[in-house]
Structure formats: structure tokens, C-alpha cells
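# Survey of secondary and tertiary structure
Chain by chain, the residues:
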Amino acid sequence: MKNSYVEKYKEAHLRACQLKQLEILKEIDRICKKHHIDYWLDGGTLLGAVRHGGFIPWDDDIDIAMGQEDMQRFEQVAPSELPAHLFLQSPRTEPNSKEPIVKVRDLNSFYVEPGDDFSADYQKGLYVDIFPFINYPTVSKSFTKRFGLAVSKSYSILHKPHHYSLRATAEWWWFGAKYLIARAAWAIAFALRPHDTYISNILINNGYGIMHRQDSVFPLSTIHFEDYDFMAPHNPDAYLTDLYRNYMEIPPVEKRKIHSVIFLHQLDT
């Protein structure tokens, strides 16, 4: 059962949450420009920039993307560049963090995502998601979707908390084998097919099988988001069509969901 007080609280404080995330994004932009690291707005953040000129009105997170090599460079330089209240979270800095991506977290806040594990000691402040992108082999979208879903679902199940049981053991064997087979099929496709046309998120984050043409991403452009110009794909229309198809269509009211379970945009008052 939903708690109406929680929902009203989130709606009342959503804008404060968004503005704090915007400040995190500006810090990322500053570091990337200083060190010549490419990034671009991704997902709902790019959609918000195109359709709303800023945040989607009910959105409470920010997504950006980087090429995998640029992300590795960002991970090297960001810890010494970020202000004290921001923290670079990754599987390297916090092995207990639940996702295989990089986040820049605000420590003076609290944000509960669906699936957060409170028995695990990792930071849970407001954040910007940074997704690593890689070149894809020239294969069909159905192939990408089939094996992307197999890899991402298997990875998720294998890395969720398990209790000792017959079912957990069966899941470990079944999805372990499925993961290895799907990764092997993808490696073969990568070895046999050209990989200079498409780009997308690493496979464990790509359960929908999204592929973007590289020339829809590069050379990067800029786009106005809220009060600032950020880096964006070269062709936002093609990029967003890959993600959402008819992306300018506003979803019905019942589908306009704030992602978080609960958030506190400020801890130290």
C-alpha cells in the first residue's frame, strides 16, 4: 500500500531534489571540460532537455553517458577534483554498491531507490548516473535485444542477495550458464562482425537491446538543459527515437512516476 504522505512529500520537494542534481551535473561538466573528457546527456535527461527544456516534470534523476575509456579517465581524475560533499561511487570505490555503473553522489542527502539494500554499507545520496558506452558489432537489433536481455537479466539475478535454498542453487546454475553462453555469443559476433557503426551501453546495462548509430552521437553537440548548456548527442532526434520511439508524446498521468521510494534533498540544515 502506498503512503500518501510519502507521495505528497516527494511531490513537494521534487524541485529541490532536481536542483541539487543539476549542481552535481555542473561539477561533472566542469571536470570533463578541464580534462577534455567527452560525455553527453542520456535517457530521460536528454528527453527532458528536448521535450521540456530541462527536467521531465516528474523525473528525479539525471543520466549521462561516456565512452568506456573516457569513463576510466573520469574515475582517475574526479576524486581529486570533486568538492568534499560529492563522492565518486563505483564498483572500485564501493564494492558493496548494487550497480555496475558510476555515480557521483551528494553526501548531504539521502535517496532510496527500488532495490536498495540497507544491509550493505554504500552511499545513498542524490546522484548523477554515468553509463559506460562501447562500440557494438554490426548485428541485428533482435540479436542485440536477445543477448543483451540474457546478459543483463542473468547478471542482475546472479548479483542479487541469495539465501540458501534449492531454488537459489538452481538459479545460480541456470543463470550462470545462460550468462556465459550469451557472453560467448556476443564475443563471437564482436570478433566476426565490424564494430565501427553502432554504440551503446555495456551489455549488462542493456536489457532492451538499444543500439545507436555512432554518427548520431558524434561529433557531440550541446543542448540547453534548465539554465545551462551541456554536451549532447549529435542527433538527439535519432538518439531519442532509438530509446523511446515517439518520444514527444506525453505519457498519461498514471505513468508519470517519481523513481525514488523516498528522498531527503538535505541532511545537514
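Just so it is clear, the structure is predicted and the values come from calculations on it, not from any experiment.

### Observations concerning the overall build of the protein
Scanning the protein from N- to C-terminus turns up 7 helices and 11 strands. Taken over C-alpha atoms, the radius of gyration comes to 19 Å for the protein, in line with the 18 Å a tight globule of 269 residues would show. Seen along its three principal axes, the alpha-carbon backbone of the protein occupies a region of about 55 × 50 × 45 Å. Expressed as a percentage of the 269 residues in the protein, the buried residues total 47%. Contacts in the protein between residues far apart in sequence, at least 24 positions, make up 69% of those at least 6 positions apart. For the protein, the exposed area adds up to about 14,300 Å²; of that, 57% sits on carbon and sulfur atoms. Within the protein, the 34 negative side-chain charges are centred at a point lying 7 Å from the centre of the 30 positive side-chain charges.

### Description of the packing of helix α2 (residues 43–52) against helix α7 (residues 236–244)
The N-to-C vectors of α2 and α7 enclose an angle of 130 degrees; their axes lie 10 Å apart at closest approach. Judged by the inter-axis angle, α2 sits oblique to α7. You can see that α2 and α7 cross each other, and the crossing is left-handed. Across the interface between the two elements, Gly43, Gly44, Leu46, Leu47 and Val50 of α2 pack against Pro236, Tyr239, Leu240, Leu243 and Tyr244 of α7. Split by residue class, the contact of α2 with α7 holds 8 nonpolar, 2 polar and no charged.

### Comments concerning the nonpolar core
Within the largest apolar cluster, 44 residues are counted, with the highest numbers of intra-cluster contacts made by Ile28, Leu41, Ile64, Met66, Phe74, Val104 and Ile130. Looking at this core element by element, the count peaks at 6 residues for helix α1 (residues 4–34). Not counting chain neighbours up to four residues away, the residues in contact with Ile64 comprise Leu25, Ile28, Tyr39, Trp40, Leu41, Asp42, Val128, Asp129, Ile130 and Phe131.

### Focus on the packing of aromatic side chains
Summed over the entire model, instances satisfying the criterion amount to 9 aromatic pairs. Between Phe143 and Trp186 the ring centres are 6.1 Å apart and the planes differ by 25 degrees, which places this aromatic pair in the stacked class. You can see Phe143 sitting in helix α4 (residues 141–159) and its partner Trp186 sitting in helix α5 (residues 166–192), a full 43 residues away along the chain. Residue Phe143 is classed as partly exposed on the basis of its relative accessible area of 23%. Overall, Trp186 belongs to the buried group, its relative accessible area being 7%. Each residue in the set Phe55, Phe225, Tyr228 and Phe230 is aromatic and connected to the rest through ring pairs, giving one cluster.

### Things to note about the environment of Asp70
On the secondary structure map, Asp70 appears in helix α3 (residues 68–81). For Asp70, a relative accessible area of 17% puts it in the buried group. When near neighbours in sequence (up to four residues on either side) are disregarded, Asp70 contacts Ile37 and Asp38.

### Some words on α5
Its 27 residues place the ends of α5 39 Å apart at the C-alpha level, agreeing with the 39 Å of an ideal helix rising 1.5 Å per residue. Every buried residue belonging to α5 is among Ala168, Glu171, Phe175, Gly176, Ala182, Ala185, Trp186 and Ala189, and all of these are buried.

### Examining unusual backbone geometry
Phe218 connects to Pro219 through a cis peptide bond whose omega is -5 degrees. Note that Pro219 resides in the loop between α6 (214–217) and β9 (221–225).

### Some details on the packing of α1 against α3
Relative placement of two packed helices is described by the angle separating their axes and the distance separating the axes. It is at 11 Å that the axes of α1 and α3 come closest, and there the two elements cross at 120 degrees. Remark: the crossing between α1 and α3 carries right-handed chirality. Listed contacts from α3 to Ile28, Arg30, Ile31, Cys32 and Lys34 of α1 are Phe74, Val77, Ala78 and Glu81. Class assignment for the residues of the contact of α1 with α3 results in 6 nonpolar, no polar and 3 charged.

### Description of the pattern of salt bridges
One pass over the structure, following the stated rule, counts 15 salt bridges. For Lys26, the salt bridge identified is with Glu23, shortest N-O distance 3.6 Å. Of the two residues, Lys26 and Glu23 are both situated in helix α1; the distance of 3 residues between them amounts to about one turn of the helix. Residue Glu23 is classed as partly exposed on the basis of its relative accessible area of 45%. Asp227 is paired through a salt bridge with Lys26; the nearest N and O atoms lie 3.1 Å apart. Taken as a pair, Asp227 in the loop between β9 and β10 (228–232) and Lys26 in helix α1 lie far apart in primary sequence, 201 residues in all. Judged by its relative accessible area of 19%, Lys26 falls in the buried class. Salt bridges linked by common partners bring Glu27, Arg30, Lys34 and Glu81 together as one network.

Rules and cut-offs
- Residues numbered from 1 in each chain as written.
- Predicted model: local features only at pLDDT ≥ 70, side-chain atom pairs only at ≥ 80, totals over all residues.
- Heavy atoms only, no water.
- Helix = DSSP H or I, 4+ residues; strand = E, 2+ residues; numbered from the N terminus.
- Rg over C-alpha atoms; globule rule 2.2 N^0.38 Å.
- Buried < 20%, exposed > 50% of the residue type's maximum accessible area, 1.4 Å probe, protein only.
- Contact = heavy atoms within 4.5 Å.
- Areas by Shrake-Rupley, 256 points an atom, 1.4 Å probe, with all protein chains shown as cover.
- Lys, Arg positive; Asp, Glu negative; His and termini not counted.
- Charge placed at Lys NZ, Arg CZ, Asp CG, Glu CD.
- Axes fitted to C-alpha atoms, helices over the stretch in contact; angles between N-to-C directions.
- Parallel < 35°, antiparallel > 145°, perpendicular 65-115°, else oblique.
- Left-handed = near helix turned anticlockwise from the far one by under 90°.
- Nonpolar A, V, L, I, M, F, W, Y, C, P; charged D, E, K, R; others polar.
- Core = buried A, V, L, I, M, F, W, Y, C linked by side-chain atoms within 4.5 Å.
- Phe/Tyr/Trp six-rings, centres within 6.5 Å; stacked < 30°, edge-to-face > 60°.
- Expected span 1.5 Å × (residues − 1).
- Salt bridge = Lys/Arg side-chain N within 4 Å of Asp/Glu carboxyl O.

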